[in-house]
Amino acid sequence: MSADLRKRIARARRQQGGTALYVYGMIRSPGVDLGYVGLDVDGKPARVHTIAAGRIGAVVSPYPDVDRVLPIRCNLDAHHRVGRDLLKLSGGLLPMRFGHVVSGERELLRLLAAHRAEIEEELGCLDGKVEMALKVFWDVENIYEYFVDKDPGLTEMRDRIYGPGVEPSRQAKIELGRTFAEQLDADRESHVRQVTELLQPVADEIETDEARAEKMIMNLTLLVDHPRLPDMEQCVHDVAARFSGLYLFRYAGPFPPYHFVALDLGAPPQRAAVARS
């Protein structure tokens, strides 16, 4: 079915009042009903309940059959609020990323049946585990001046290019910028290796995401066994104590383990359960 045809079908359903299902995640507690705390439908929070398929329950709420769920504040807040509530349940949580909509209960049951082995393995892998976020920054006013001051090679290069009576060429400025960026990346890589090695004994898994700001050194997501959260918090404090006051550590959570879900309901089902690295 072409993308254009899918859009026309979805548009026709909306015009006819058709209702789809917004999926928050999979659990092993098929009787869960969280009440009216879901994404808004017609200006009111929708009822969050479970649709069961054997031992698996999909946590859903009614939602218009749209091509895309808008990532606006009220939708994001509702999605994460439900995720936090589901995290309190026993038996594992397989959270879905924001914006997952299926056309209705029949389609949902088909997907649950097709991916049953993968869902059950993922639930087993994530049972009792939570996600924590650790971001580390250089806590300096000017990151360029900080690197120039601490690196004699950059200092010499800057002074040579911008020396008295010297008109820096475009190529020279490009070369200085490239050298600065290389030093920035080298420091990031060194710090990431140091911190991840120290956290590994407490974390089940560590994902390293892109540093999204010039002053950000690392953006880590940690999978942690819930009973070990106090150990992880102490470990983060111990790691931070190794750094000077020019570094800022931001530690947050717990969150549902979104980053550690391998399941893709849009992909062909696997004959064997999903392997985790």
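Our structure is the block above this text.
This report concerns the structure included in the present document. Values in this document were obtained by computation on a predicted structure and should not be read as measured data.

Each value, and the rule that gives it
Residues numbered from 1 in each chain as written. Predicted model: local features only at pLDDT ≥ 70, side-chain atom pairs only at ≥ 80, totals over all residues. Heavy atoms only, no water. Helix = DSSP H or I, 4+ residues; strand = E, 2+ residues; numbered from the N terminus. Contact = heavy atoms within 4.5 Å. Pairing = 2+ DSSP bridges. Axes fitted to C-alpha atoms, helices over the stretch in contact; angles between N-to-C directions. Buried < 20%, exposed > 50% of the residue type's maximum accessible area, 1.4 Å probe, protein only. Expected span 1.5 Å × (residues − 1). Arc of directions from axis to C-beta.

A short note on the environment of Pro254
Thought 1: Residue position: Pro254 is located in strand E10 (residues 247-255).
Thought 2: On a C-alpha basis, the gap between Pro254 and Leu87 in space is 8.9 Å, while along the polypeptide they are 167 residues apart.
Thought 3: The residues touching Pro254, leaving out its near neighbours within four places in the chain, are Leu87, Val130, Glu131, Met132 and Leu229.

Brief notes about the sheet that holds E10
Thought 1: With respect to topology, four strands assemble into an open sheet ordered E8-E9-E7-E10, the strand pairing being antiparallel. The sheet is open, and its two borders are formed by strand E8 (205-209) and E10, each paired with just one other strand. Averaged over all neighbouring strand pairs, the angle between strand axes comes to 20°, with direction disregarded.
Thought 2: The pairing of strand E7 (residues 129-138) with strand E9 (residues 216-225) spans nine bridges and is antiparallel. Counted as the bridge partner of Lys129 is Asp225 from E9.
Thought 3: Along the sheet, helix H8 (residues 229-241) makes contact with E7, E9 and E10, crossing E10 at roughly 170°.

Here's the deal with the environment of Leu184
Thought 1: Relative to the helices and strands, Leu184 resides in helix H7 (residues 170-199).
Thought 2: Among the residues examined, Leu184 registers a relative accessible area of 6% and is labelled buried.
Thought 3: Setting aside anything within four residues of it in sequence, one finds Leu184 in contact with Trp138, Ile143, Phe147 and Glu214.

Brief notes about helix H2 (residues 73-87)
Thought 1: Helix length check: H2 (15 residues) gives 21 Å between terminal C-alpha atoms against 21 Å at 1.5 Å per residue, within 8%.
Thought 2: All of the buried residues in H2 are Asn75, Ala78, His79, Val82, Gly83 and Leu86. One side of H2 holds all its buried residues, which, seen down the axis, span an arc of 135°.

Examining the pairing of strand E2 (residues 33-41)
Thought 1: As paired strands, E2 and strand E3 (residues 44-53) are joined by five bridges and run antiparallel to one another. Of the residues in E3, the one forming a bridge with Gly35 is Val48.
Thought 2: In this antiparallel pair of consecutive strands, E2 and E3, the connection spans two residues, and Asp42 shows a positive phi of 55°.

A short note on H8
Thought 1: With 13 residues, H8 ought to run about 18 Å at 1.5 Å a step, and its terminal C-alpha atoms sit 18 Å apart, in line with that.
Thought 2: Listing the buried residues of H8 in full gives Leu229, Met232, Cys235, Val236 and Val239. Around the axis of H8, the buried residues are gathered within 115° of arc, so they sit on the same side. Of the residues in H8, the exposed ones pointing more than 90 degrees away from the buried face are Pro230, His237 and Ala241.
Thought 3: As for H8, its buried residues are in contact with E7, H7, E9 and E10.

Examining the environment of Val82
Thought 1: Note that Val82 resides in helix H2.
Thought 2: The buried category is assigned to Val82, whose relative accessible area is 0%.
Thought 3: Here the alpha-carbon distance between Val82 and Pro95, two residues 13 residues apart in the chain, equals 9.9 Å.
Thought 4: Excluding its chain neighbours within four sequence positions, the residues that come into contact with Val82 are Tyr24, Leu34, Val37, Val48 and Val59.

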